[in-house]
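A structural walkthrough
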Amino acid sequence: MPTLFSRIVSGEIPSHKIAEDDNFYAFLDITPVQHGHTLVIPKQEIDYLFDMPDDLLGGITVFARPIAHAIRKVTGCTKVGVAVVGLEVPHAHVHLVPLNGIADMDFTKKKQVTQDELAAMAEKIRNALP
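Scope of this entry: the structure provided in the associated data block. (Residues numbered from 1 in each chain as written. Predicted model: local features only at pLDDT ≥ 70, side-chain atom pairs only at ≥ 80, totals over all residues. Heavy atoms only, no water.)

1. A short note on the sheet that holds strand 5 (residues 94-99)
With respect to topology, five strands assemble into an open sheet ordered 1-2-3-5-4, the strand pairing being antiparallel. Of all strands in the sheet, those with a lone pairing partner are strand 1 (17-20) and strand 4 (79-83), marking the two edges. Neighbouring strand axes in the sheet, compared pairwise and without regard to direction, differ in orientation by 20 degrees on average. Pairing analysis gives three bridges linking strand 3 (residues 38-42) to strand 5, with the strands arranged antiparallel. Bridge assignment links valine 40 to a residue of strand 5, and that residue is valine 94. Packing of helix 3 (residues 115-128) onto the sheet brings it into contact with strand 1, strand 2 (24-28) and strand 3, and relative to strand 1 it is tilted by some 40 degrees. (Pairing = 2+ DSSP bridges. Helix = DSSP H or I, 4+ residues; strand = E, 2+ residues; numbered from the N terminus. Axes fitted to C-alpha atoms, helices over the stretch in contact; angles between N-to-C directions. Contact = heavy atoms within 4.5 Å.)

2. Regarding the pattern of salt bridges
Pairs may arise between side chains of opposite charge once their charged atoms sit close together. Tallied over the full model, the rule gives four salt bridges. Across the pair glutamate 20 and lysine 17 runs a salt bridge, and its minimum N-O distance is 2.8 Å. With a relative accessible area of 36%, glutamate 20 lands in the partly exposed category. For lysine 43, the salt bridge identified is with glutamate 20, shortest N-O distance 2.8 Å. With lysine 43 in the loop between strand 3 and helix 2 (54-75) and glutamate 20 in strand 1, this residue pair connects regions lying 23 residues apart in the sequence. Via salt bridges that share partners, Lys17, Glu20 and Lys43 belong to a single interconnected network. (Salt bridge = Lys/Arg side-chain N within 4 Å of Asp/Glu carboxyl O. Buried < 20%, exposed > 50% of the residue type's maximum accessible area, 1.4 Å probe, protein only.)

3. Notes on helix 3
The terminal C-alpha atoms of helix 3, which comprises 14 residues, lie 20 Å apart, in line with the 20 Å expected from a rise of 1.5 Å per residue. Burial in helix 3 covers these residues: Leu118, Met121, Ala122, Ile125 and Ala128. Considered in projection along helix 3, the buried side chains sweep an arc of 130 degrees and stay on one side of the axis. Across helix 3 from its buried face, at more than 90 degrees, point the exposed residues Asp116 and Asn127. Where helix 3 is buried, its residues touch strand 1, strand 2, strand 3 and helix 2. (Expected span 1.5 Å × (residues − 1). Arc of directions from axis to C-beta.)

4. Focus on helix 2
Between its first and last C-alpha atoms helix 2 spans 31 Å; for 22 residues at 1.5 Å apiece the expected length is 32 Å, and the two agree. If you look at helix 2, its biggest bend is around 30 degrees, right at arginine 65, and the proline proline 66 turns up within four residues after that. Buried within helix 2 are the following residues: Leu56, Gly59, Ile60, Phe63, Ala64, Ile67, Ala68, Ala70 and Ile71. Check the buried side of helix 2 and you find it contacts strand 1, strand 2, strand 3, strand 4, strand 5 and helix 3. Of the residues trailing helix 2, glycine 76 is marked for its positive phi of about 75 degrees. (Bend = angle between axes of the 7 residues up to and from the residue.)

Pasting the structure below:
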């Protein structure tokens, strides 16, 4: 059975897409810890990040870099943090989270956002990509 993230990639479940290529897909987290919180996933279903083949493991960072720069530009944050938790969905993924302080990476405190707010943020980040 396809994972939740595979269903997002296939379009079966809608998402606020930021970027996509042959191997990776980036979209906004619908329950962000900070506004602009983005998930980056391999399209291939692999449960654990460190089980990914070397080309995908390195490639996910290269794919995420311009997205992180765009998030930083749009949100005005000090840095974009990267977290690998991997417990919520059995599909490898990294979190890109705008940070101004360490408390901004608290995954126990989710923000309530509307679909309109997510759509507006996704558009801003996409427009800030090179």
